[in-house]
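The lines below spell out each chain.
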Amino acid sequence: MSATEIRSIGVLTSGGDAPGMNAAIRAVVRTAHYFKIDCYGVREGYNGLIKDTFTKMGPRSVSNIINLGGTILKSARSADFKTKEGRQKAFENCQKRNIDGLICIGGDGTFTGAQLFSEETGIKVIGVPGTIDNDIFGTDYTIGYDTALNTAMDAIDKIRDTATSHNRVFFVEVMGRDAGFIALNSGIATGAVDILIPEETDSIDEMFETFDKAAKRGKNSSIVVVAEGEKLGNVYELARITKQHYPNYDIRISVLGHIQRGGRPSCADRVLASRLGYGAVKGLMEGQSRVMAGIQSNKLVFTPIAEAIKKHNDLDPELKLISEVLAL
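Residues numbered from 1 in each chain as written. Predicted model: local features only at pLDDT ≥ 70, side-chain atom pairs only at ≥ 80, totals over all residues. Heavy atoms only, no water.

- The name an unreviewed UniProt entry gives the protein chain is ATP-dependent 6-phosphofructokinase, with Cruoricaptor ignavus as the organism.
- Per UniProt, the protein chain carries the Cofactor (unreviewed entry) text "Mg(2+)".
- Listed in UniProt under the heading Subunit (unreviewed entry), the comment for the protein chain reads: "Homotetramer." (UniProt positions renumbered as here; feature names shortened; annotations may be inferred.)

Spelled out as C-alpha coordinates, the structure:
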(Lines give C-alpha, C1' and ligand atoms only; values in the text may rest on other atoms or scores of the structure.)
Protein backbone atom coordinates (compact mmCIF):
# COMPACT_ATOMS: atom_id res chain seq x y z
CA MET A 1 0.00 0.00 0.00
CA SER A 2 1.40 3.42 -0.89
CA ALA A 3 1.33 6.49 1.32
CA THR A 4 -1.36 8.13 -0.84
CA GLU A 5 -3.86 5.42 0.12
CA ILE A 6 -3.63 6.37 3.80
CA ARG A 7 -5.41 9.71 4.06
CA SER A 8 -5.62 10.27 7.75
CA ILE A 9 -4.52 8.53 10.96
CA GLY A 10 -5.23 8.85 14.67
CA VAL A 11 -2.87 8.30 17.59
CA LEU A 12 -3.83 7.63 21.22
CA THR A 13 -2.30 6.48 24.50
CA SER A 14 -4.21 4.11 26.72
CA GLY A 15 -3.80 2.24 30.02
CA GLY A 16 -0.98 3.05 32.42
CA ASP A 17 1.34 5.86 31.33
CA ALA A 18 5.02 5.17 30.68
CA PRO A 19 8.02 7.50 30.19
CA GLY A 20 8.65 7.82 26.45
CA MET A 21 5.02 7.87 25.33
CA ASN A 22 5.41 11.54 24.34
CA ALA A 23 8.45 10.68 22.23
CA ALA A 24 6.32 8.06 20.44
CA ILE A 25 3.49 10.55 19.85
CA ARG A 26 6.00 13.03 18.45
CA ALA A 27 7.43 10.41 16.09
CA VAL A 28 3.98 9.42 14.83
CA VAL A 29 2.89 13.02 14.20
CA ARG A 30 6.08 14.09 12.45
CA THR A 31 6.36 10.93 10.36
CA ALA A 32 2.76 11.37 9.22
CA HIS A 33 3.48 15.00 8.29
CA TYR A 34 6.61 13.97 6.37
CA PHE A 35 4.54 11.58 4.25
CA LYS A 36 1.69 14.11 3.86
CA ILE A 37 -0.80 12.17 5.98
CA ASP A 38 -3.26 14.01 8.23
CA CYS A 39 -2.78 13.10 11.88
CA TYR A 40 -5.20 13.49 14.79
CA GLY A 41 -4.31 13.13 18.43
CA VAL A 42 -7.08 11.52 20.50
CA ARG A 43 -7.27 12.63 24.13
CA GLU A 44 -7.85 10.13 26.95
CA GLY A 45 -7.45 6.97 24.92
CA TYR A 46 -10.54 5.10 23.78
CA ASN A 47 -12.76 7.48 25.77
CA GLY A 48 -11.64 10.20 23.37
CA LEU A 49 -12.66 8.14 20.35
CA ILE A 50 -16.17 7.95 21.78
CA LYS A 51 -16.35 11.52 23.12
CA ASP A 52 -14.92 12.95 19.88
CA THR A 53 -11.92 14.69 21.49
CA PHE A 54 -9.76 14.68 18.35
CA THR A 55 -7.11 17.35 17.74
CA LYS A 56 -5.43 17.88 14.36
CA MET A 57 -1.70 17.74 15.00
CA GLY A 58 1.35 18.87 13.08
CA PRO A 59 5.10 19.20 13.68
CA ARG A 60 4.73 22.21 15.98
CA SER A 61 2.06 20.44 18.07
CA VAL A 62 4.75 18.13 19.40
CA SER A 63 7.59 20.59 19.92
CA ASN A 64 9.54 20.17 23.16
CA ILE A 65 7.74 17.03 24.34
CA ILE A 66 10.39 14.38 23.61
CA ASN A 67 11.91 14.93 27.06
CA LEU A 68 8.63 14.89 29.02
CA GLY A 69 7.32 11.97 31.06
CA GLY A 70 3.65 10.99 31.01
CA THR A 71 1.55 11.63 27.91
CA ILE A 72 0.29 14.94 26.54
CA LEU A 73 -2.73 13.11 25.10
CA LYS A 74 -3.67 11.82 28.58
CA SER A 75 -4.64 8.24 29.23
CA ALA A 76 -7.74 6.58 30.63
CA ARG A 77 -9.46 3.24 30.82
CA SER A 78 -12.77 3.12 28.97
CA ALA A 79 -15.74 1.04 30.11
CA ASP A 80 -17.86 2.40 27.23
CA PHE A 81 -15.38 1.13 24.62
CA LYS A 82 -16.05 -2.39 25.85
CA THR A 83 -19.61 -2.08 24.52
CA LYS A 84 -20.54 -2.50 20.85
CA GLU A 85 -22.47 0.80 21.01
CA GLY A 86 -19.39 2.62 22.28
CA ARG A 87 -17.19 1.20 19.56
CA GLN A 88 -19.78 2.13 16.90
CA LYS A 89 -19.76 5.73 18.14
CA ALA A 90 -15.94 5.70 18.03
CA PHE A 91 -16.07 4.42 14.44
CA GLU A 92 -18.49 7.19 13.39
CA ASN A 93 -16.15 9.82 14.85
CA CYS A 94 -13.23 8.32 12.93
CA GLN A 95 -15.27 8.32 9.72
CA LYS A 96 -15.97 12.06 10.06
CA ARG A 97 -12.23 12.64 9.62
CA ASN A 98 -11.61 9.92 7.02
CA ILE A 99 -9.34 8.09 9.45
CA ASP A 100 -7.92 4.96 7.80
CA GLY A 101 -5.62 3.86 10.59
CA LEU A 102 -5.10 4.11 14.34
CA ILE A 103 -1.83 3.88 16.24
CA CYS A 104 -2.52 2.75 19.80
CA ILE A 105 0.25 3.19 22.36
CA GLY A 106 -0.12 1.06 25.49
CA GLY A 107 -0.11 -2.51 26.76
CA ASP A 108 -2.21 -5.69 26.65
CA GLY A 109 -5.55 -4.02 27.36
CA THR A 110 -4.89 -1.32 24.75
CA PHE A 111 -4.05 -3.94 22.12
CA THR A 112 -7.10 -6.07 22.95
CA GLY A 113 -9.36 -3.07 22.33
CA ALA A 114 -7.53 -2.16 19.12
CA GLN A 115 -7.85 -5.70 17.73
CA LEU A 116 -11.59 -5.86 18.40
CA PHE A 117 -12.18 -2.37 16.98
CA SER A 118 -10.36 -3.26 13.77
CA GLU A 119 -12.22 -6.56 13.37
CA GLU A 120 -15.58 -4.79 13.71
CA THR A 121 -14.89 -1.67 11.65
CA GLY A 122 -12.11 -2.50 9.20
CA ILE A 123 -10.00 0.44 10.39
CA LYS A 124 -6.35 -0.55 10.34
CA VAL A 125 -4.64 -0.59 13.74
CA ILE A 126 -1.03 -0.88 14.84
CA GLY A 127 -0.01 -1.19 18.47
CA VAL A 128 3.06 0.41 20.01
CA PRO A 129 4.19 -1.22 23.28
CA GLY A 130 4.26 1.40 26.05
CA THR A 131 4.51 -0.15 29.53
CA ILE A 132 7.18 -0.13 32.22
CA ASP A 133 6.58 -3.86 32.88
CA ASN A 134 8.46 -5.03 29.74
CA ASP A 135 6.24 -8.11 29.59
CA ILE A 136 4.85 -7.81 26.05
CA PHE A 137 5.81 -10.47 23.53
CA GLY A 138 7.22 -9.31 20.20
CA THR A 139 9.74 -6.70 21.33
CA ASP A 140 12.97 -6.92 23.30
CA TYR A 141 12.03 -3.81 25.28
CA THR A 142 8.88 -1.79 25.84
CA ILE A 143 8.71 2.01 26.01
CA GLY A 144 9.21 3.16 29.61
CA TYR A 145 10.96 0.07 30.92
CA ASP A 146 14.50 1.45 30.79
CA THR A 147 13.51 4.67 32.55
CA ALA A 148 11.56 2.83 35.25
CA LEU A 149 14.51 0.49 35.76
CA ASN A 150 16.92 3.38 36.19
CA THR A 151 14.52 5.13 38.57
CA ALA A 152 14.28 1.98 40.69
CA MET A 153 18.05 1.53 40.65
CA ASP A 154 18.66 5.13 41.73
CA ALA A 155 16.14 4.82 44.59
CA ILE A 156 17.60 1.50 45.81
CA ASP A 157 21.11 2.99 45.73
CA LYS A 158 19.91 5.72 48.08
CA ILE A 159 18.16 3.18 50.33
CA ARG A 160 21.41 1.21 50.53
CA ASP A 161 23.16 4.27 51.98
CA THR A 162 20.65 4.26 54.83
CA ALA A 163 20.75 0.47 55.24
CA THR A 164 24.53 0.40 55.65
CA SER A 165 24.52 3.41 58.00
CA HIS A 166 22.13 1.71 60.43
CA ASN A 167 22.72 -2.04 59.88
CA ARG A 168 19.19 -2.46 58.58
CA VAL A 169 17.37 -4.94 56.39
CA PHE A 170 15.24 -3.22 53.75
CA PHE A 171 12.43 -4.86 51.82
CA VAL A 172 12.02 -2.76 48.65
CA GLU A 173 8.95 -3.29 46.46
CA VAL A 174 9.24 -2.37 42.80
CA MET A 175 6.55 -2.31 40.11
CA GLY A 176 6.07 -4.73 37.24
CA ARG A 177 2.65 -6.26 37.87
CA ASP A 178 3.11 -10.01 37.30
CA ALA A 179 6.53 -9.65 35.66
CA GLY A 180 9.87 -9.60 37.45
CA PHE A 181 11.96 -7.69 34.88
CA ILE A 182 12.34 -4.51 36.96
CA ALA A 183 12.93 -6.44 40.20
CA LEU A 184 15.52 -8.83 38.78
CA ASN A 185 17.53 -6.27 36.85
CA SER A 186 17.43 -3.52 39.48
CA GLY A 187 18.32 -6.12 42.11
CA ILE A 188 21.40 -7.23 40.16
CA ALA A 189 22.38 -3.62 39.46
CA THR A 190 22.21 -2.67 43.15
CA GLY A 191 23.71 -5.80 44.68
CA ALA A 192 20.56 -7.00 46.45
CA VAL A 193 21.08 -9.95 48.80
CA ASP A 194 17.84 -11.53 47.52
CA ILE A 195 15.37 -10.89 44.70
CA LEU A 196 11.81 -12.23 44.82
CA ILE A 197 9.93 -12.40 41.51
CA PRO A 198 6.62 -13.97 40.38
CA GLU A 199 8.32 -16.19 37.79
CA GLU A 200 10.21 -18.13 40.49
CA THR A 201 8.79 -20.41 43.19
CA ASP A 202 10.29 -18.73 46.23
CA SER A 203 10.05 -19.92 49.83
CA ILE A 204 10.46 -18.23 53.20
CA ASP A 205 13.02 -20.84 54.22
CA GLU A 206 15.16 -20.06 51.19
CA MET A 207 15.04 -16.36 52.01
CA PHE A 208 16.03 -17.06 55.62
CA GLU A 209 18.87 -19.25 54.36
CA THR A 210 20.08 -16.31 52.29
CA PHE A 211 20.03 -14.07 55.38
CA ASP A 212 22.00 -16.67 57.37
CA LYS A 213 24.64 -16.96 54.66
CA ALA A 214 24.91 -13.17 54.49
CA ALA A 215 25.37 -12.96 58.27
CA LYS A 216 28.14 -15.59 58.17
CA ARG A 217 29.92 -13.51 55.56
CA GLY A 218 29.77 -10.51 57.88
CA LYS A 219 26.96 -8.63 56.14
CA ASN A 220 25.20 -6.38 58.65
CA SER A 221 22.77 -4.79 56.21
CA SER A 222 20.77 -6.23 53.36
CA ILE A 223 18.48 -5.18 50.53
CA VAL A 224 15.73 -7.55 49.39
CA VAL A 225 14.04 -6.46 46.16
CA VAL A 226 10.47 -7.72 45.82
CA ALA A 227 8.33 -7.57 42.66
CA GLU A 228 4.81 -6.30 43.39
CA GLY A 229 3.30 -9.50 41.94
CA GLU A 230 5.45 -11.81 44.12
CA LYS A 231 3.31 -14.78 45.15
CA LEU A 232 5.09 -15.37 48.47
CA GLY A 233 3.59 -12.19 49.92
CA ASN A 234 3.89 -8.41 49.85
CA VAL A 235 6.72 -6.54 51.53
CA TYR A 236 4.68 -5.93 54.70
CA GLU A 237 3.94 -9.63 55.13
CA LEU A 238 7.52 -10.61 54.35
CA ALA A 239 8.87 -8.06 56.83
CA ARG A 240 6.48 -9.28 59.55
CA ILE A 241 7.48 -12.93 59.11
CA THR A 242 11.17 -12.00 59.02
CA LYS A 243 10.86 -9.97 62.24
CA GLN A 244 9.28 -12.97 63.98
CA HIS A 245 12.17 -15.19 62.91
CA TYR A 246 14.91 -12.59 63.48
CA PRO A 247 13.67 -10.38 66.35
CA ASN A 248 17.01 -8.55 66.54
CA TYR A 249 16.85 -7.39 62.93
CA ASP A 250 16.15 -3.70 62.33
CA ILE A 251 13.71 -4.05 59.40
CA ARG A 252 12.40 -1.30 57.15
CA ILE A 253 10.03 -1.27 54.18
CA SER A 254 10.10 0.92 51.09
CA VAL A 255 7.44 0.76 48.36
CA LEU A 256 8.70 2.71 45.35
CA GLY A 257 5.28 2.77 43.68
CA HIS A 258 4.37 5.24 40.98
CA ILE A 259 7.64 7.15 41.21
CA GLN A 260 8.80 4.54 38.68
CA ARG A 261 6.19 5.64 36.13
CA GLY A 262 7.24 9.27 36.08
CA GLY A 263 10.25 11.36 35.17
CA ARG A 264 12.12 12.23 32.03
CA PRO A 265 12.52 9.26 29.69
CA SER A 266 16.04 7.88 29.32
CA CYS A 267 17.98 8.13 26.06
CA ALA A 268 17.19 4.46 25.34
CA ASP A 269 13.43 5.05 25.78
CA ARG A 270 13.44 8.19 23.62
CA VAL A 271 15.21 6.40 20.78
CA LEU A 272 13.05 3.27 21.13
CA ALA A 273 9.85 5.35 21.11
CA SER A 274 11.04 7.33 18.08
CA ARG A 275 11.80 4.14 16.15
CA LEU A 276 8.48 2.52 17.04
CA GLY A 277 6.40 5.62 16.28
CA TYR A 278 8.06 5.99 12.89
CA GLY A 279 7.75 2.25 12.26
CA ALA A 280 4.04 2.23 13.12
CA VAL A 281 3.25 4.91 10.51
CA LYS A 282 5.36 3.13 7.91
CA GLY A 283 3.56 -0.11 8.78
CA LEU A 284 0.16 1.44 8.10
CA MET A 285 1.45 2.81 4.78
CA GLU A 286 2.62 -0.68 3.82
CA GLY A 287 -0.81 -2.17 4.55
CA GLN A 288 -0.01 -3.68 7.95
CA SER A 289 -2.89 -4.01 10.43
CA ARG A 290 -3.70 -5.75 13.71
CA VAL A 291 0.01 -5.97 14.45
CA MET A 292 2.32 -4.50 17.07
CA ALA A 293 5.53 -2.71 16.13
CA GLY A 294 8.51 -3.92 18.12
CA ILE A 295 12.29 -4.02 18.09
CA GLN A 296 13.98 -7.43 18.15
CA SER A 297 17.74 -7.82 17.75
CA ASN A 298 17.82 -4.10 16.90
CA LYS A 299 15.46 -4.51 13.92
CA LEU A 300 11.89 -3.27 13.47
CA VAL A 301 9.47 -6.21 13.45
CA PHE A 302 5.69 -6.60 13.37
CA THR A 303 3.97 -9.20 15.55
CA PRO A 304 0.26 -10.07 15.23
CA ILE A 305 -1.58 -8.40 18.11
CA ALA A 306 -3.30 -11.70 18.95
CA GLU A 307 0.16 -13.23 19.49
CA ALA A 308 1.51 -10.23 21.43
CA ILE A 309 -1.44 -10.47 23.84
CA LYS A 310 -1.36 -14.24 24.22
CA LYS A 311 2.37 -14.68 24.88
CA HIS A 312 4.75 -12.93 27.27
CA ASN A 313 8.43 -12.12 27.27
CA ASP A 314 10.39 -14.60 29.35
CA LEU A 315 13.09 -13.70 31.83
CA ASP A 316 16.59 -14.95 31.09
CA PRO A 317 16.97 -17.82 33.61
CA GLU A 318 20.72 -17.21 33.80
CA LEU A 319 20.08 -13.74 35.24
CA LYS A 320 18.57 -15.25 38.40
CA LEU A 321 21.65 -17.45 38.83
CA ILE A 322 23.90 -14.44 38.26
CA SER A 323 22.03 -12.53 40.97
CA GLU A 324 22.64 -15.37 43.45
CA VAL A 325 26.31 -15.81 42.55
CA LEU A 326 27.09 -12.11 42.80
CA ALA A 327 25.21 -11.64 46.08
CA LEU A 328 27.92 -13.64 47.92
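## Regarding the nonpolar core
Line of reasoning, step 1. Ile9, Ile103, Ile105, Val174, Ile182, Ile223 and Leu256 are the most contacted members of the largest nonpolar core, which has 58 residues in total.
Line of reasoning, step 2. The element that contributes the greatest number of residues to this core is helix α5 (residues 145-166), accounting for eight residues.
Line of reasoning, step 3. Residues Phe54, Leu102, Phe111 and Ala308 belong to the second largest nonpolar core, which totals 23 residues. (Core = buried A, V, L, I, M, F, W, Y, C linked by side-chain atoms within 4.5 Å. Buried < 20%, exposed > 50% of the residue type's maximum accessible area, 1.4 Å probe, protein only. Helix = DSSP H or I, 4+ residues; strand = E, 2+ residues; numbered from the N terminus.)

## Describing the UniProt feature "active site" (unreviewed entry) in the protein chain
Line of reasoning, step 1. In the numbering used here, UniProt assigns the "active site" (unreviewed entry) feature to Asp133.
Line of reasoning, step 2. Within the secondary structure, Asp133 is located in the loop between β5 (124-129) and α5.

## A closer look at the pattern of salt bridges
Charged atoms that come close allow side chains of opposite charge to pair.
Line of reasoning, step 1. This structure, assessed with the given rule, holds twelve salt bridges.
Line of reasoning, step 2. For Asp100, the salt bridge identified is with Arg7, shortest N-O distance 2.8 Å. Residue Asp100 is found in the loop between α3 (84-95) and β4 (101-106), and its partner Arg7 is found in the segment before β1 (8-13); the two are separated by 93 residues along the sequence.
Line of reasoning, step 3. Given the relative accessible area of 16%, Asp100 is considered buried.
Line of reasoning, step 4. Residue Arg7 is classed as partly exposed on the basis of its relative accessible area of 46%. (Salt bridge = Lys/Arg side-chain N within 4 Å of Asp/Glu carboxyl O.)

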